[in-house]
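# Observations on chain architecture
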Amino acid sequence: MAYSDKVLDHYENPRNVGKLDDNDEHVGTGMVGAPACGDVMRLQIKVNDAGIIEDAKFKTYGCGSAIASSSLLTEWVKGKNLDEAAAIKNTQIAQELSLPPVKIHCSVLAEDAIKAAVKNYRDKRD
Amino acid sequence: MNVAVNTPIYLDYLSTTPVDLRVVEVMTRCLSMDGNFGNPASRSHVFGWKAEEAVENARMQLADLISADPREIVWTSGATESDNLAIKGVAHFYQKKGKHIVTSKIEHKAVLDACRQLEREGYEVTYLEPNTHGVTTPEMIASALRDDTILVSIMHANNEIGTVNDIAAIGEITRAAGVIFHVDAAQSAGKVEIDVDAMKVDLLSMSAHKMYGPKGIGALYVRRKPRVRIEAQVHGGGHERGMRSGTLPTHQIAGMGEAARIAKEEMVEEASRLTALRERFWAGVSGMPEVFINGDAEQRLPGALNVSFAYVEGESLLMSLKDLAISSGSACTSASLEPSYVLRALGLNDEMAHSSLRFSFGRFTTEAEVDYAVEQVERAVNKLREISPLWDMHQDGIDLSTIEWAAH
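Worth saying up front: this structure is predicted, and the values here are computed from it rather than measured.

### Overview of the overall build of chain A
Scanning chain A from N- to C-terminus turns up 5 helices and 3 strands. Expressed as lengths along the three principal axes of its C-alpha atoms, the size of chain A is roughly 45 × 30 × 20 Å. For chain A, with 126 residues in total, the buried portion stands at 48%.

What follows is the structure, encoded as structure tokens:
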């Protein structure tokens, strides 16, 4: 299978790999997917008091497209507020990375991951 | 690296093999005007006689490889056709005797899909589950036989995991029960010893391109004593004693014959060299934690190894190993998202199946290439574990099976 240059770039040089402290009240964590399905994404956001995402980290088990989707997502969400981040659509990710139809589920998973992270952060604050 | 290696490195010999140059030499002599281009079926001139001589010579060479009589070899287009001819041919010929067939869940698709077709025609098929080592045992066969069983079809060596079944022990059982025994030997012929008499095999499928011969040619061994009958699946000029019509491709057949001759002559030496390379590779990669062999560690083809690297996914691993030509048990390389049916039949959970790679070494693999492959695999696995949340959790002592995953 041929990967787009952008997928390859994110795969070779993944941005924002890492882990944030889950116990920090400023951190929201979204973990989606299942090992049995071949991909698991963990996306974490750190939100400042103004409600802006100032840091994002990910780790992903999955194919190159799944890794690229989550890497791209961490770049996109930084600097956004929570509503803007949660509004990111899988189609935008798929388009940016030129994902083939069989890999669309990777971008869906990334959208699920940011929504889950935002929800986790909000649940923590409530 | 002490010795330079040329990349990409071919480590996919179970998929296909390059044609040995000695085979190429024989084949090129059977093509052009100044060569042996005749139709082996032409009886009226020397061009036909010479071509027939080349075909019969190759038939003898291939028969020699499996200790058969040359008259028991039927040329086909490859192992897929041989499997189809054997299974459908027996089923159709003996349908009045019974309509039950026994095979295993980890056969090649050529066997499984031929059986599926027979099911649609009203036959009943038992698909045996191999043990966790990937081996189908004689006891499993014995307990699956019924009064109406007409055929047992079991592979000699598995194409994904490289495990080898005890064909001789199964042959004892089928012969005693009077059931015809077909063996798919596409992966084993030319690599491990086969003696169709000692193993009590009735039908045996072979392919040239897995033993350094050309693609597009194979053969089916059909036993004469006690005689096994098959109904032809391809009709026409009555070639191959009516069992498989179609003009014989002299160059392909001569190539397969030469490949068989070389394989027989060099088998012992090659097997020990490949076993050493396989062990060298395993010694290298098993230095990492959480790395597992799929299938029996000992009862396997000399040059084949299927390995699961836990907590990393196969397709991304392949992406990191672009200097190595290997294949993955992960689904993501194919259009479906299901992991390998072979690995699942072994009882592997889906994530271990997703994390598997098949390495196969062959005639032209060097120690330097194996060492380079080990380095590359270590680098890739370490890199991907660095970014794997599952590896993180494993390091934190979390048992992944206790987590409720949201399957998608």
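### A look at the overall build of chain B
Counting its regular elements, chain B contains 12 helices and 13 strands. Its C-alpha atoms give chain B principal-axis dimensions of about 80 × 55 × 35 Å. Burial statistics for chain B: of 408 residues in total, 52% are counted as buried. Relative to all contacts within chain B whose residues are 6 or more apart in sequence, the contacts with residues 24 or more apart total 74%.

### A word on the packing of helix H3 (residues 79-93) of chain B against helix H4 (residues 109-120) of chain B
To describe two helices that pack against each other, one gives the angle between their axes and the distance between the axes. Residue and element names in this part refer to chain B. Contact pair H3 / H4: the axes reach a minimum separation of 9 Å and the direction vectors enclose 30 degrees. With respect to their mutual orientation, H3 and H4 come out roughly parallel. Considering the relative orientation of H3 and H4, their crossing is right-handed. Contact with H3, carried on its side by Ala79, Thr80, Asp83, Asn84, Ile87, Lys88 and Ala91, involves Ala110, Val111, Ala114, Cys115 and Leu118 of H4 and no other residues of that element. Residue composition of the contact of H3 with H4, by class: 8 nonpolar, 2 polar and 2 charged.

### Some words on the environment of arginine 122 of chain A
Residues and elements named next belong to chain A. Here arginine 122 lies in helix H5 (residues 104-125). Judged by the 13 C-beta atoms lying within 10 Å of it, arginine 122 is partly exposed. Taking the C-alpha atoms as reference, arginine 122 lies 32 Å from serine 98; in sequence the two are 24 residues apart.

### Focus on the packing of helix H1 (residues 5-12) of chain A against helix H2 (residues 64-77) of chain A
Residues and elements named next belong to chain A. Contact geometry for H1 and H2: axes closest at 8 Å, N-to-C directions at 80 degrees. Here H1 lies roughly perpendicular to H2, going by the angle between them. Note on element contacts: H2 touches H1 through Gly64, Ser65, Ile67, Ala68, Ser71 and Leu72, opposite Lys6, Val7, His10 and Tyr11. Grouping the amino acids of the contact of H1 with H2 by side-chain chemistry returns 5 nonpolar, 4 polar and 1 charged.

### What about the interface of chain A and chain B?
Listed as interface residues are 24 residues of chain A and, on the opposing side, 25 residues of chain B. Looking at the side of chain A that touches chain B, the element that brings in the most residues is strand S1 (residues 27-34) of chain A, giving 4 residues. Its residues assigned to classes, the side of chain A that touches chain B shows 15 nonpolar, 5 polar and 4 charged.

### A few points about the nonpolar core
Ranked by size, the top nonpolar core spans 155 residues in total, and within it Ala113 of chain A together with Tyr221 of chain B carry the most contacts. At 11 residues, the largest contribution of residues to this core is made by helix H7 (residues 250-285) of chain B.

### Section: the sheet that holds strand S3 (residues 53-61) of chain A
All names here are of chain A. Spatially, 3 strands are ordered S1-S2-S3 in an open sheet, and the strand pairing comes out antiparallel. Whereas interior strands pair on both sides, the edge strands pair on one side only; in this sheet they are S1 and S3. On average, each strand axis in the sheet is tilted by 10 degrees relative to the strand beside it, whichever way the strands run. Pairing of S1 with strand S2 (residues 39-47), which is carried by 8 bridges, proceeds in the antiparallel orientation. Following the sheet pairing, glycine 28 is matched in S2 by isoleucine 45. Lying over the sheet, H2 contacts S2 and S3, oriented at roughly 175 degrees with respect to S3. Most of the contacts of H5 go to S1, to which it runs at about 145 degrees, and overall it touches S1 and S2.

### What about the sheet that holds strand S2 (residues 73-76) of chain B?
All names here are of chain B. Read from one edge of the open sheet, 7 strands run S2-S8-S7-S6-S5-S3-S4, paired in mixed fashion. Each of the sheet's edge strands pairs with one partner strand only, and the pair in question is S2 and strand S4 (124-128). Strand-to-strand, the axes of this sheet are offset by a mean angle of 20 degrees, without reference to chain direction. Examined bridge by bridge, strand S3 (residues 100-104) and strand S5 (residues 149-155) share 3 bridges and lie parallel to one another. Within the sheet, the bridge partner assigned to isoleucine 101 lies in S5 and is leucine 151. Where helix H6 (residues 167-177) meets the sheet, it contacts S5 and strand S6 (180-184), and its direction lies at approximately 160 degrees from that of S6.

### Some words on unusual backbone geometry
The omega torsion across threonine 7 of chain B and proline 8 of chain B is -5 degrees, close enough to zero to call that bond cis. By secondary structure assignment, the location of proline 8 of chain B is in the segment before strand S1 (9-10). The linkage connecting lysine 225 of chain B with the following residue, proline 226 of chain B, adopts the cis geometry, with an omega of -10 degrees. Residues other than glycine seldom take positive phi values, yet serine 98 of chain A does so here, at roughly 50 degrees. For serine 98 of chain A, a count of 14 C-beta atoms within 10 Å translates into the label partly exposed.

### Some points on H2 of chain A
Because the α-helix completes a turn every 3.6 residues, residues three or four places apart line up on one side. Residue and element names in this part refer to chain A. Look at H2: 20 Å from first C-alpha to last across 14 residues, which is about the 20 Å you get at 1.5 Å a residue. Burial analysis of H2 places 12 of its 14 residues in the buried class, which makes it a mostly covered element. Within H2, the full set of buried residues consists of Gly64, Ser65, Ala66, Ile67, Ala68, Ser69, Ser70, Ser71, Leu72, Leu73, Thr74 and Val77. Backbone geometry just downstream of H2 places glycine 79 in the positive-phi region, at approximately 90 degrees.

### Description of the confidence of the model for chain A
Per-chain confidence: chain A averages 94 in pLDDT, with 99% of residues scoring 70 or above. Looking over chain A, one finds the lowest element-wise mean pLDDT in H1 of chain A, namely 94, and the highest in S3 of chain A, namely 97.

### Some words on H5 of chain A
All names here are of chain A. End to end, H5 covers 32 Å across 22 residues, agreeing with the expected 32 Å (1.5 Å per residue, within 8%). Those residues of H5 lying buried are His105, Cys106, Ser107, Leu109, Ala110, Glu111, Ala113, Ile114, Ala116, Ala117, Val118 and Tyr121. Where H5 is buried, its residues touch S1, S2, H2, helix H3 (82-86) and helix H4 (90-97).

How each quantity is defined
- Residues numbered from 1 in each chain as written.
- Chains lettered and ligands numbered in written order.
- Predicted model: local features only at pLDDT ≥ 70, side-chain atom pairs only at ≥ 80, totals over all residues.
- Helix = DSSP H or I, 4+ residues; strand = E, 2+ residues; numbered from the N terminus.
- Buried ≥ 20, exposed ≤ 12 C-beta atoms within 10 Å, placed from the backbone.
- Contact = placed C-beta atoms within 7 Å.
- Axes fitted to C-alpha atoms, helices over the stretch in contact; angles between N-to-C directions.
- Parallel < 35°, antiparallel > 145°, perpendicular 65-115°, else oblique.
- Left-handed = near helix turned anticlockwise from the far one by under 90°.
- Nonpolar A, V, L, I, M, F, W, Y, C, P; charged D, E, K, R; others polar.
- Core = buried A, V, L, I, M, F, W, Y, C linked by C-beta atoms within 7 Å.
- Pairing = 2+ DSSP bridges.
- Expected span 1.5 Å × (residues − 1).
- pLDDT = per-residue confidence, 0-100.

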